[in-house]
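Listed below are the residues making up each chain.
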Amino acid sequence: MEVIGVPWFIAVRHLGPPLFLLAVGGAVLVLRRPARRGLVWAALLTNLAAAALPYAWIGAQALTAQAERTVFGLVMTLLQPGLVVVAWLLVLAALVGPRRSGENGSGDDRSGTPAVAEQDPQNVG
């Protein structure tokens, strides 16, 4: 990281939380298997990409010698927060979006247990 002018501790401070979120979120997705895990995986990876984007940008500037062009800096300044917003919108879509037919969300996929057990009719009154 020192090659592109960024100390390691800065990179760890910026990339550590998204990497931890990816590890923990990935473990939860593997163990719990929610209904829309594709959207959640996309959100976790988009969040990591947003955190890594400034370092990729600095590396690209160092390789192409385009660091003094302010238009590119403006695009980068708007692109990273935009990616974070996309990641949060993906999580929101995974939580509140309509379910496809056949998805019960809380049942056990391996044993075929339904999410809500059928109830016996009760004599009321």
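Model, not experiment: these values are computed from the prediction. (Residues numbered from 1 in each chain as written. Predicted model: local features only at pLDDT ≥ 70, side-chain atom pairs only at ≥ 80, totals over all residues. Heavy atoms only, no water.)

### Digging into the overall build of the chain
Looking only at helices and strands, the chain features three helices and zero strands. Along its sequence from the N terminus, the chain presents helices and strands in the succession α-α-α. When the accessible surface of the chain is summed, it comes to about 9,300 Å², and 67% of that surface belongs to carbon and sulfur atoms. (Helix = DSSP H or I, 4+ residues; strand = E, 2+ residues; numbered from the N terminus. Areas by Shrake-Rupley, 256 points an atom, 1.4 Å probe, with all protein chains shown as cover.)

### Details of a nonpolar patch on the surface
On the surface, a cluster of nonpolar side chains totalling about 520 Å² of accessible area is made up of V85, L89, L92, L95 and V96. For V96, the location among the structural elements is in helix 3 (residues 70-96). The class for V96 is exposed, based on a relative accessible area of 62%. (Patch = residues over 30% accessible without salt bridge, like charges linked within 9 Å, V, L, I, M, F, W, Y side chains within 5 Å. Salt bridge = Lys/Arg side-chain N within 4 Å of Asp/Glu carboxyl O. Buried < 20%, exposed > 50% of the residue type's maximum accessible area, 1.4 Å probe, protein only.)

### Overview of the nonpolar core
Ranked by size, the top nonpolar core spans six residues in total: V6, I10, A11, L15, A51 and Y55. Counting residues per element, the ones that place at least two in this core are helix 1 (8-32) and helix 2 (37-64). With three residues, the single largest contributor to this core is helix 1. Those residues in contact with A51 that sit more than four places away from it in its chain are H14, L15, P18 and Q80. (Core = buried A, V, L, I, M, F, W, Y, C linked by side-chain atoms within 4.5 Å. Contact = heavy atoms within 4.5 Å.)

### Description of the side chain of N47
Its location among the elements puts N47 in helix 2. Under the relative-accessibility criterion, N47 is labelled buried at 19%. Contact partners of N47, with chain neighbours within four places excluded, come to P18, L21 and A87.

### Side note on helix 1
For helix 1, with 25 residues, the first-to-last C-alpha span of 34 Å sits near the 36 Å given by 1.5 Å per residue. Maximal helix bending in helix 1 amounts to about 40°, located at L15; proline P17 follows within four positions. When helix 1 is considered as a whole, its buried residues turn out to be I10, A11, L15, P18, L22, G25, G26 and L29. Looking at the buried side of helix 1, the elements it contacts are helix 2. Positioned one or two residues after helix 1, R33 has a phi angle of 50°, which is positive. (Expected span 1.5 Å × (residues − 1). Bend = angle between axes of the 7 residues up to and from the residue.)

### A word on the packing of helix 1 against helix 2
Packing of helix 1 against helix 2 leaves a shortest axis separation of 9 Å and a crossing angle of 170°. As far as their axial angle goes, helix 2 and helix 1 are roughly antiparallel. Contact residues: helix 1 offers I10, A11, H14, L15, P18, L19, L21, L22, G25, G26, L29 and V30, while helix 2 offers R37, V40, W41, L44, L45, N47, L48, A51, A52 and Y55. Looking at the contact of helix 1 with helix 2, its residues break down into 17 nonpolar, four polar and one charged. (Axes fitted to C-alpha atoms, helices over the stretch in contact; angles between N-to-C directions. Parallel < 35°, antiparallel > 145°, perpendicular 65-115°, else oblique. Nonpolar A, V, L, I, M, F, W, Y, C, P; charged D, E, K, R; others polar.)

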